[in-house]
Amino acid sequence: MTISNDKEFKAALAALDDVGRRQAAARLVQNVLDLSNDPRVKGALSLVARADASEAEIDIAAAAVKTARVESFTQCGHDTDWKSQAAHFVAVAAQECVKPSVDFASAWNAAGQARMARICRNLAEDGEGTGTREAEAQFVTLTAFLKESGS
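Since the model is a prediction, treat every value here as computed from it, not as a measurement. (Residues numbered from 1 in each chain as written. Predicted model: local features only at pLDDT ≥ 70, side-chain atom pairs only at ≥ 80, totals over all residues. Heavy atoms only, no water.)

**Q** How would you explain the overall build of the protein if you had to name every residue and give the values?
**A** Helix and strand counts for the protein stand at seven helices and zero strands. When the elements of the protein are put in sequence order from the N terminus, they spell out α-α-α-α-α-α-α. For 151 residues, the compact-globule formula gives about 15 Å, and the C-alpha radius of gyration of the protein, at 15 Å, lands near that figure. Seen along its three principal axes, the alpha-carbon backbone of the protein occupies a region of about 45 × 35 × 20 Å. The buried share of the protein, taken over its 151 residues, is 45%. In the protein, the proportion of contacts linking residues at least 24 apart, taken out of those at least 6 apart, comes to 68%. For the protein, the exposed area adds up to about 7,600 Å²; of that, 52% sits on carbon and sulfur atoms. (Helix = DSSP H or I, 4+ residues; strand = E, 2+ residues; numbered from the N terminus. Rg over C-alpha atoms; globule rule 2.2 N^0.38 Å. Buried < 20%, exposed > 50% of the residue type's maximum accessible area, 1.4 Å probe, protein only. Contact = heavy atoms within 4.5 Å. Areas by Shrake-Rupley, 256 points an atom, 1.4 Å probe, with all protein chains shown as cover.)

**Q** Requested: an account of the pattern of salt bridges, with residues and values cited.
**A** What the rule picks out here adds up to nine salt bridges. Taking the shortest distance from any N to any O, the salt bridge between E148 and R27 comes out at 2.7 Å. Here E148, found in helix 7 (residues 132–149), pairs with R27, found in helix 2 (residues 18–30); they are 121 residues apart in sequence, far enough to count as distant. Linked by salt bridges that have partners in common, D34, R118 and E134 make up one network. (Salt bridge = Lys/Arg side-chain N within 4 Å of Asp/Glu carboxyl O.)

**Q** Any details on the environment of N109? Residues and values, ideally.
**A** Here N109 lies in helix 6 (residues 104–126). Residue class for N109 comes out partly exposed when judged on its relative accessible area of 29%.

**Q** Break down the confidence of the model for the protein for me, with residues and values.
**A** On average, the protein scores 89 in pLDDT, and the residues at 70 or more come to 91%. No element of the protein has a lower mean pLDDT than helix 4 (residues 55–76), which averages 84, and none a higher one than helix 1 (residues 6–15), which averages 97. (pLDDT = per-residue confidence, 0-100.)

**Q** Break down the packing of helix 6 against helix 7 for me, citing the residues and quoting the values.
**A** Contact pair helix 6 / helix 7: the axes reach a minimum separation of 8 Å and the direction vectors enclose 140 degrees. In this view, helix 6 runs oblique relative to helix 7, as classed from their interaxial angle. Pair helix 6 / helix 7 crosses with right-handed handedness. Across the interface between the two elements, A111, A114, R115, R118 and N122 of helix 6 pack against R133, E134, A135, Q138 and F139 of helix 7. Counted by class, the contact of helix 6 with helix 7 contains four nonpolar, two polar and four charged residues. (Axes fitted to C-alpha atoms, helices over the stretch in contact; angles between N-to-C directions. Parallel < 35°, antiparallel > 145°, perpendicular 65-115°, else oblique. Left-handed = near helix turned anticlockwise from the far one by under 90°. Nonpolar A, V, L, I, M, F, W, Y, C, P; charged D, E, K, R; others polar.)

**Q** Lay out the environment of A56 in plain terms, naming residues and giving numbers.
**A** Note that A56 resides in helix 4. Sequence separation between A56 and P100 is 44 residues, and the spatial gap between their C-alpha atoms is 10.0 Å.

**Q** Summarise the nonpolar core; cite the residues concerned and give the values.
**A** The biggest cluster of nonpolar side chains holds 43 residues, and the ones touching the most others in it are F9, V29, V41, L45, V90 and L142. Of all the secondary-structure elements, those providing two or more residues to this core are helix 1, helix 2, helix 3 (39–48), helix 4, helix 5 (82–97), helix 6 and helix 7. The element contributing the most residues to this core is helix 5, with seven residues. (Core = buried A, V, L, I, M, F, W, Y, C linked by side-chain atoms within 4.5 Å.)

**Q** Go over the packing of aromatic side chains, please, and point to the residues and values.
**A** The final tally for this structure, using the stated rule, is two aromatic pairs. Their ring planes at 55 degrees and their centres at 5.7 Å tell us that F9 and F139 sit as a pair that is tilted. One end of the pair, F9, is in helix 1; the other, F139, is in helix 7, and 130 residues separate them in sequence. No difference in accessibility class separates F9 from F139, as the two residues are buried. Above the face of the F9 ring, R115 is positioned so that its terminal group lies 5.5 Å from the ring centre. (Phe/Tyr/Trp six-rings, centres within 6.5 Å; stacked < 30°, edge-to-face > 60°. Lys NZ or Arg CZ within 6 Å of the ring centre and 35° of its normal.)

Laid out in structure tokens, this is it:
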């Protein structure tokens with residue numbers, strides 16, 4: 001199955017089990033990880049990408065990501081700093097991946113936050129914001145994940 005639009009993307013996410021959605025969402029967020037330099041976010045995503053991550057490990061990662069999200073929000077400030085905003089969206093997306101249960105809404109929200117992160121980076125670099133390229137990259141990423149996992 002090759003995913004080519006949001007309808008197929010959503011259906012594929014919905015068809016996964018909780019662990020599969022967590023792993024898939026983590027991969028989607030890893031696509032924008034270059035927009036964040038926070039090691040807590042990177043470590044949490046690396047952890048939850050594994051199928052054998054324990055609940056205790058996920059709880060610790062969730063606390064670390066929450067702190068990273070709060071700190072990134074305060075760094076955005078009142079003036080629009082698109083690069084800081086991008087890092088904040090990455091942290092928000094990562095937080096969706098470290099919830100006790102990653103349901104469809106959490107996985108979809110992680111994807112949306114990752115798209116917002118890319119839009120912010122695009123605005124910072126060239127003044128044009130679009131999530132189209134990131135959405136297309138997510139389609140490829142999720143298609144690859146489904147093939148690798150046999151889903």
